[in-house]
Amino acid sequence: MKLSQVLYSQGFGVRRECEGLIFAGHVTLDGVVCDDPFHEVDPEGLVFGVRGEPWPYRVKALVLLNKPAGYECSQKPKHHPSVMSLLPPPLRVRGLQPVGRLDEDTTGLLLMTDDGALIHRLTSPKKHVPKVYEIEAIDPVTEAQIDELLRGVVLHDDPLPVRAAAAEKTGEHTLRLTLLEGKYHQVKRMLAATGNTVNKLHRSSYGVLTLPDDLAPGKWRWLSGPEAVLGTP
Ligand code: URA
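Residues numbered from 1 in each chain as written. Predicted model: local features only at pLDDT ≥ 70, side-chain atom pairs only at ≥ 80, totals over all residues. Heavy atoms only, no water.

Here we look at the overall build of the protein
Logical step 1: Scanning the protein from terminus to terminus reveals seven helices and 13 strands.
Logical step 2: For the C-alpha atoms alone, the extent of the protein along its principal axes is close to 70 × 35 × 30 Å.
Logical step 3: Out of the 233 residues belonging to the protein, those deemed buried represent 45%.
Logical step 4: Within the protein, residue pairs in contact and separated by at least 24 positions form 62% of the contacts whose partners lie at least 6 positions apart.
Logical step 5: For the protein, the exposed area adds up to about 12300 Å²; of that, 54% sits on carbon and sulfur atoms.
Logical step 6: Separation between the mean location of the 27 positive side-chain charges and that of the 29 negative ones in the protein comes to 5 Å. (Helix = DSSP H or I, 4+ residues; strand = E, 2+ residues; numbered from the N terminus. Buried < 20%, exposed > 50% of the residue type's maximum accessible area, 1.4 Å probe, protein only. Contact = heavy atoms within 4.5 Å. Areas by Shrake-Rupley, 256 points an atom, 1.4 Å probe, with all protein chains shown as cover. Lys, Arg positive; Asp, Glu negative; His and termini not counted. Charge placed at Lys NZ, Arg CZ, Asp CG, Glu CD.)

Spelled out as structure tokens, the structure:
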């Protein structure tokens with residue numbers, strides 16, 4: 001594959017922009033400037049540099065974002081900036097989208113990808129991908145509320161009760177909930193059904209993946225592929 005095609009495929013702009021970056025000496029291969037846009041490279045496993053930043057070649061991009069509060073998951077946000085604005089331009093050009101949605105005031109682990117089939121796989125109700133939420137509640141958390149969450153609560157739009165796969169009290173006002181679905185405002189509505197109210201909501205885990213301690217809010221990281229989320233097939 002030609003170097004300019006590699007850059008184009010990874011979201012660095014239209015072909016002339018990619019060629020311009022290369023001609024200007026902004027692109028490196030193995031740390032050495034390559035100013036020939038037609039230079040042939042094997043994209044498999046390639047890590048190239050653009051303006052000093054390393055970029056792994058990926059047919060489909062999959063990243064993990066530590067979502068801060070105050071960002072909307074919508075592509076057309078109404079009141080706050082979109083989570084897309086936290087990604088660098090090449091990933092925005094590639095059209096990465098959130099895998100499911102977190103509310104504007106929810107923080108924590110958010111996956112983003114341009115792989116539509118993977119989004120479908122991860123969000124399909126049949127897949128039962130576990131998601132772990134750390135919740136701070138307004139009122140003290142009671143064992144009766146934990147029991148209710150485990151037995152199942154009825155949400156208004158759904159005649160069948162929705163159960164937490166796991167629920168544990170972690171403090172006077174805090175609990176940890178594991179859900180297998182991803183219904184609209186599910187955590188907030190489930191807690192409300194028990195008579196309590198979510199004050200703060202944070203997603204700490206998705207599938208087998210846990211939010212890394214060293215990833216600051218607003219920062220993102222590459223994931224190797226779906227197995228980083230789903231475990232080995
Ligand atoms: N449940 C909610 O209520 N909000 C979220 O952001 C995620 C799960």
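Observations regarding the site of the ligand
Logical step 1: Lining the immediate surroundings of the ligand are Leu-102, Asp-103, Thr-106, Tyr-133, His-185, Gln-186, Val-187, Lys-188 and Leu-201.
Logical step 2: The contact in question runs from a nitrogen atom of the ligand to an N or O atom on the side chain of Asp-103, over 2.7 Å.
Logical step 3: Lys-188 places a main-chain nitrogen or oxygen 3.0 Å from an oxygen atom of the ligand.
Logical step 4: Against a free-state accessible area of 240 Å², the protein chains account for coverage of 95% of the ligand.
Logical step 5: Given that more than half its atoms are within 2 Å of the pocket grid, the ligand belongs to the largest pocket.
Logical step 6: With three residues, the top contributor of residues to the shell around the ligand is helix H6 (residues 186-193).
Logical step 7: Residue classes in the shell around the ligand are distributed as four nonpolar, three polar and two charged.
Logical step 8: Taken domain by domain, the makeup of the shell around the ligand includes at least three residues from each of domain 2 (62-124 + 208-230) and domain 3 (130-206). (Near = heavy atom within 4 Å. Polar contact = N/O pair within 3.5 Å; in protein donor to acceptor, adjacent residues only side chain to side chain. 1 Å grid on protein atoms, 1.4 Å probe; cavity = no way out; pocket = protein on both sides within 12 Å on 5 of 7 lines; lining within 4 Å. Sits in = over half its atoms within 2 Å of the grid points. Nonpolar A, V, L, I, M, F, W, Y, C, P; charged D, E, K, R; others polar. Domains from an automatic or database assignment.)

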